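A look at the structure
Each chain, letter by letter, is given below.
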Amino acid sequence: MSDREGGALIGFGLVAMLVILGRPVQDAEPEADTLTIDPPTWNGQIGAIIETRCVTCHAPGRSGPFSLTTIEAVRNRATFLIDVIEAGRMPPWLPKTGKFQHQRVVPDAEVSAIRRWMAGGARIGEGPPDVLTAAVDEEFRAGLVLEMPAAYEIPEESDPAWHSGELDVHGVNFPIGNSEPLKIRAIRHVPAAPQSMRVAAFAFDTSGAARYLDDRDPRVGFLMGGDAGLRPVGADGVILTGSGDFRLPAGFHLPVETGSDLLVQFQYQPTGKVERLKERIELEFVPENEGSSALRWLPLAVGRVEIDAEQVATFTSQTVVLEGAVDLVGLSPRALEICTSMRVDAVLPSGDRRRLLNIPDWDHHQRESYIPVSPIRLPAGTALVASFDLDNTSGNPRNPDDPAAAIRRGRRTGILNVIIHVAAVDPAFDDDLVSAGDRISRSLMRR
Amino acid sequence: MGITTVLLAALLAGTGPSASSAAARYEASIAETPPSSGESTLPTFTQDRLAEFVLTDAKDVTGAKRIVFAADGPDLVVVAFLSTTCPIANASVPEIRRLHKGVKEVGGRLVAVHPMLGTTAESAASHAKERRLEMPILLDPEQRLVREFKGTVVPEVFILTRSGESWTLRYRGPLDNLYAEIGRRRRNATQAYAREVISQIVSGRPVSITRRPAVGCLIEKVAP
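Residues numbered from 1 in each chain as written. Chains lettered and ligands numbered in written order. Predicted model: local features only at pLDDT ≥ 70, side-chain atom pairs only at ≥ 80, totals over all residues. Heavy atoms only, no water.

Some thoughts on the overall build of chain B
Tallying secondary structure elements over chain B gives 8 helices and 12 strands in all. Taking all 224 residues of chain B together, 53% fall into the buried category. The long-range fraction of contacts in chain B, counting pairs at least 24 apart against all pairs at least 6 apart in sequence, stands at 72%. (Helix = DSSP H or I, 4+ residues; strand = E, 2+ residues; numbered from the N terminus. Buried < 20%, exposed > 50% of the residue type's maximum accessible area, 1.4 Å probe, protein only. Contact = heavy atoms within 4.5 Å.)

Rendered as structure tokens:
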């Protein structure tokens with residue numbers, strides 16, 4: 001069965017454009033020669049490797065559970081560090097193909113250098129041992145700062161009775177009340193308790209739905225069982241704590257209509273002690289008189305998920321066919337905890353298939369927006385589809401139900417969803433894109 | 001194998017069924033249990049050997065030493081190896097508190113022991129205070145105790161009972177099933193393995209599973 005069959009064809013009006021596809025970028029090879037001097041020393045190479053790969057998160061006040069800024073801290077757990085790197089668990093990075101911003105991988109040559117350093121007596125090298133420093137934050141020109149009015153307390157461990165549907169998430173509506181439209185270039189999330197905060201997902205809202213939910217809940221923010229309105233959280237980006245800012249490449253912006261609110265879904269993980277979340281969100285605008293194209297969101301989503309207990313199954317999203325060319329600027333996946341892997345494919349008019357995202361080991365606590373280092377141009381006629389593998393067996397430790405229970409859920413843009421962030425190449429196609437996200441959402445709700 | 005009549009007598013004095021009948025039930029159930037269930041080949045330690053483990057009390061400002069397995073102490077001792085920074089050990093803190101309460105209620109003793117390199121009395125004490133760990137917090141900087149028990153990760157608990165002069169390791173493994181692997185965490189644990197073992201011991205039932213693989217942060221070994 002071809003990917004175009006069976007899925008709804010979402011037409012956006014015809015804009016014929018001839019496009020030359022960019023070639024996929026190859027992963028850069030590590031600079032091997034500097035890493036083979038034996039045995040390596042802390043001041044020579046090892047400190048630098050840990051500083052670039054780990055210390056952005058593993059430093060005081062950051063998201064990592066312990067600091068790795070000193071030679072003792074690394075020596076005292078070196079075997080474990082090597083183990084988790086080799087297991088692909090650290091640094092957190094889910095996609096296995098593609099070239100994205102903030103890509104976090106440790107080249108094999110560096111892992112082997114750390115191993116040889118340990119075997120060679122974990123030597124310091126010349127002089128006193130270097131103390132590593134967390135990279136100073138990327139440059140950020142905050143045009144608007146939004147803060148929670150009070151802290152929201154999360155418990156020391158998850159309470160299964162707490163939420164229905166999504167777990168360990170809390171919604172917060174930040175009113176912006178802008179009197180004119182805004183163009184957002186970047187979003188920064190400053191967590192109050194970085195070790196328990198995992199993911200922040202954003203949606204600018206003009207429907208008032210998020211405000212309504214927030215007003216109705218007596219606490220700071222609200223218990224969030226799903227999306228508010230048609231626009232899914234994540235439609236305007238997703239940040240993994242510690243991974244840096246959500247920043248669009250030059251020439252693109254998130255459009256924010258007059259009188260908007262910013263709805264943020266905070267996903268946390270209890271750390272064994274009560275934590276207070278008092279989050280701050282900063283928005284950076286596109287500089288005046290700098291031209292840029294508006295990003296639109298399209299869901300590649302499964303509208304209804306039905307899976308019996310002890311079953312594994314693959315779900316495929318509706319197919320979205322682009323009737324005009326777009327630049328793909330980002331992908332923001334979201335899936336149930338029992339999702340084990342997912343991918344996004346583009347079938348080009350030529351019939352060629354291009355894998356845009358491949359996540360073989362999904363972890364919903366490590367998700368974020370994936371921004372290709374350069375936007376990917378997709379020609380008119382491209383069909384896009386996402387697929388998700390689910391493991392609803394009791395043997396899957398990530399299954400919140402033990403023993404497994406049947407899942408029957410249909411909800412708006414779905415709980416299996418990769419949002420793609422795209423901009424029309426021809427401005428005439430933008431009008432179609434503007435309404436497309438809502439239209440697809442509505443059609444998913446009817447399923 | 002020694003049967004823990006002494007322990008049961010101590011634990012059950014004045015509560016529920018009489019000690020002797022509990023012990024009898026225990027003996028009977030052991031007799032019915034096939035050897036593969038594990039209780040027949042459990043590691044044992046002599047009182048003299050274990051009495052050698054005298055560890056520094058992190059909460060005591062004068063650095064007092066504590067005997068973990070005192071000759072005149074209770075016959076049920078639980079050792080929980082912890083760390084101040086391991087996220088898996090820390091996520092288990094609420095369960096450690098529940099286990100501590102359960103062990104205390106039946107007259108046993110639970111101690112937390114820090115085997116990780118670089119743990120100081122100050123860091124262990126402030127960690128215990130911040131996370132409301134009220135049991136004794138002991139340091140094992142030379143990793144003597146953890147080596148004796150062949151422990152490799154934190155968190156892991158070791159549940160021992162004494163009969164006469166001999167201690168038997170009745171269970172070693174994770175507190176519960178919160179983690180299946182590193183990075184594979186259940187939203188909530190659904191099985192409290194260690195507490196279940198305590199209730200099996202107290203009620204005189206055999207311990208059904210005496211050893212499970214612990215999941216956690218690897219203990220870096222002290223340089224020889």
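Picking up where we left off.
Quick look at the packing of helix H1 (residues 42-53) of chain A against helix H4 (residues 108-119) of chain A
Residues and elements named next belong to chain A. Contact geometry for H1 and H4: axes closest at 10 Å, N-to-C directions at 130°. On the basis of the axis angle, H1 is oblique to H4. Where H1 crosses over H4, the two elements pack in a sense that is left-handed. Contact residues: H1 offers Trp42, Ile46, Ile49, Ile50 and Arg53, while H4 offers Glu110, Ala113, Ile114 and Trp117. Of the residues that constitute the contact of H1 with H4, the class distribution is 7 nonpolar, no polar and 2 charged. (Axes fitted to C-alpha atoms, helices over the stretch in contact; angles between N-to-C directions. Parallel < 35°, antiparallel > 145°, perpendicular 65-115°, else oblique. Left-handed = near helix turned anticlockwise from the far one by under 90°. Nonpolar A, V, L, I, M, F, W, Y, C, P; charged D, E, K, R; others polar.)

Details of the packing of helix H3 (residues 78-86) of chain A against H4(A)
Residues and elements named next belong to chain A. Between H3 and H4, the shortest axis-to-axis distance is 10 Å and the interhelical angle comes to 160°. With respect to H4, the axis of H3 lies roughly antiparallel. Once H3 is placed against H4, the crossing between them reads as left-handed. Residues Ala78, Ile82, Ile85 and Glu86 of H3 touch H4, and the partners they reach there are Val111, Ile114, Arg115 and Met118.

Considering the sheet that holds strand S24 (residues 416-424) of chain A
Residue and element names in this part refer to chain A. Here we have 4 strands laid out as an open sheet, ordered S14-S24-S18-S21, and antiparallel in their pairing. Strands with a single pairing partner mark the edges of an open sheet, and in this sheet they are strand S14 (296-302) and strand S21 (376-378). If you compare each strand with its neighbour and ignore which way they point, the axes differ by 40° on average. Across 3 bridges, strand S18 (residues 326-334) lies against S21 in antiparallel orientation. Considered in S21, the bridge of Val326 is made with Leu378. Packed on one face of the sheet, helix H6 (residues 427-445) meets S14, S18 and S24 and runs near 30° to S14. (Pairing = 2+ DSSP bridges.)

Examining the domain arrangement of chain A
Residues and elements named next belong to chain A. In terms of domain boundaries, chain A breaks down into domain 1 (9-23 + 293-444), domain 2 (32-119) and domain 3 (142-285). The gap between the C-alpha centroids of domain 1 and domain 3 is 21 Å. Listed per partner, the contact involves 31 residues of domain 1 and 35 residues of domain 3. Buried surface at the junction of domain 1 and domain 3, both sides included, amounts to about 2600 Å², of which 56% is carbon and sulfur. If you sort the residues of domain 1 by the area they bury against domain 3, Arg334, His365 and Arg367 come out on top, with a joint share of 24%. Here domain 1 and domain 3 share 0 salt bridges between them. (Domains from an automatic or database assignment. Buried area = accessible area lost by both parts, 1.4 Å probe. Salt bridge = Lys/Arg side-chain N within 4 Å of Asp/Glu carboxyl O.)

Description of the pairing of strand S20 (residues 353-359) of chain A
Residue and element names in this part refer to chain A. With 5 of its 7 residues buried, S20 lies for the most part within the structure. In this sheet, S20 lies alongside strand S19 (residues 339-347) in antiparallel orientation, the contact comprising 6 bridges. Note on S20: the bridge partner recorded for Ala346 is Arg354. Where S19 folds back on S20, the antiparallel hairpin that results is connected by 5 residues, among which Gly351 adopts a positive phi of roughly 95°.

Examining the pattern of salt bridges
Residue and element names in this part refer to chain A. Within this structure, the stated rule accounts for 38 salt bridges over all chains. Between Arg89 and Asp363 there is a salt bridge, with its nearest N and O atoms 3.5 Å apart. Separated by 274 residues along the polypeptide, Arg89 in the loop between H3 and H4 and Asp363 in the loop between S20 and S21 bring together distant segments of the chain. A salt bridge links Glu139 to Arg141, with the shortest nitrogen-to-oxygen separation between them at 3.9 Å. Residue classification places Arg141 among the partly exposed residues on the basis of a relative accessible area of 46%. Because the salt bridges share partners, they merge into one network encompassing Glu139, Arg141, Arg247 and Glu284.

So, the interface of chain B and chain A
At the interface, 27 residues of chain B touch 32 residues of chain A. Buried area between chain B and chain A, summed over both chains or domains, comes out near 2600 Å², and the portion from carbon and sulfur atoms is 46%. For the pair chain B and chain A, the number of links is 5 salt bridges. Here B:Arg97 ties to A:Glu156 by a salt bridge, and the two come within 2.9 Å at their closest N and O atoms.

Quick word on helix H8 (residues 193-203) of chain B
All buried positions along H8(B) are accounted for by B:Tyr193, B:Ala194, B:Val197, B:Ile198, B:Gln200, B:Ile201 and B:Val202. Residue B:Gly204 follows H8(B) closely and has a positive phi angle near 85°.

Looking at the confidence of the model for chain B
Chain-level statistics for chain B give a pLDDT mean of 85 and a share of 82% at 70 or above. Predicted as a complex, the structure gets a pTM of 0.87 and an ipTM equal to 0.84. (pLDDT = per-residue confidence, 0-100.)

Some remarks on the state of the cysteines
All names here are of chain A. All told, the structure shown has 1 disulfide over all chains when counted by the stated rule. Sulfur of Cys57: no disulfide; nearest cysteine sulfur belongs to Cys54 and is 8.9 Å away. Accessibility expressed as a relative area gives 13% for Cys57, which makes it buried. (Disulfide = S-S within 2.5 Å.)

With respect to the side chain of A:Arg188
Position of A:Arg188 relative to the elements: it lies in strand S4 (residues 182-190). On the basis of relative accessible area, A:Arg188 is assigned to the buried category, the value being 12%.

Some thoughts on H3(A)
Inspection of H3(A) places A:Ala78, A:Phe80, A:Leu81, A:Ile82, A:Val84 and A:Ile85 among the buried residues, and these make up the whole buried set. Buried residues belonging to H3(A) abut helix H2 (71-75) and H4 of chain A together with strand S12 (217-218) of chain B. In the stretch just after H3(A), A:Gly88 is the one whose phi turns positive, near 80°.

With respect to the environment of A:Ser158
Residue and element names in this part refer to chain A. With respect to the helices and strands, Ser158 occurs in the loop between strand S2 (152-154) and strand S3 (169-175). Separated by 260 residues in sequence, Ser158 and Val418 place their C-alpha atoms 26 Å apart. Within the structure, Ser158 has its side chain in polar contact with the side chain of Asp168 (distance 2.7 Å). (Polar contact = N/O pair within 3.5 Å; in protein donor to acceptor, adjacent residues only side chain to side chain.)

Observations regarding the sheet that holds strand S5 (residues 197-205) of chain A
All names here are of chain A. Reading across from one edge, S6-S3-S10-S5-S7 is the order of the 5 strands in this open sheet, with antiparallel pairing throughout. A strand with exactly one partner marks an edge of an open sheet, and here the two such strands are strand S6 (222-223) and strand S7 (238-240). As judged from the 2 bridges shared by S3 and S6, these two strands associate in the antiparallel manner. Note on S6: the bridge partner recorded for Gly171 is Phe222. Contacts from helix H5 (residues 209-216) reach S3, S5, S6 and strand S10 (261-268), with the element oriented near 115° to S3.

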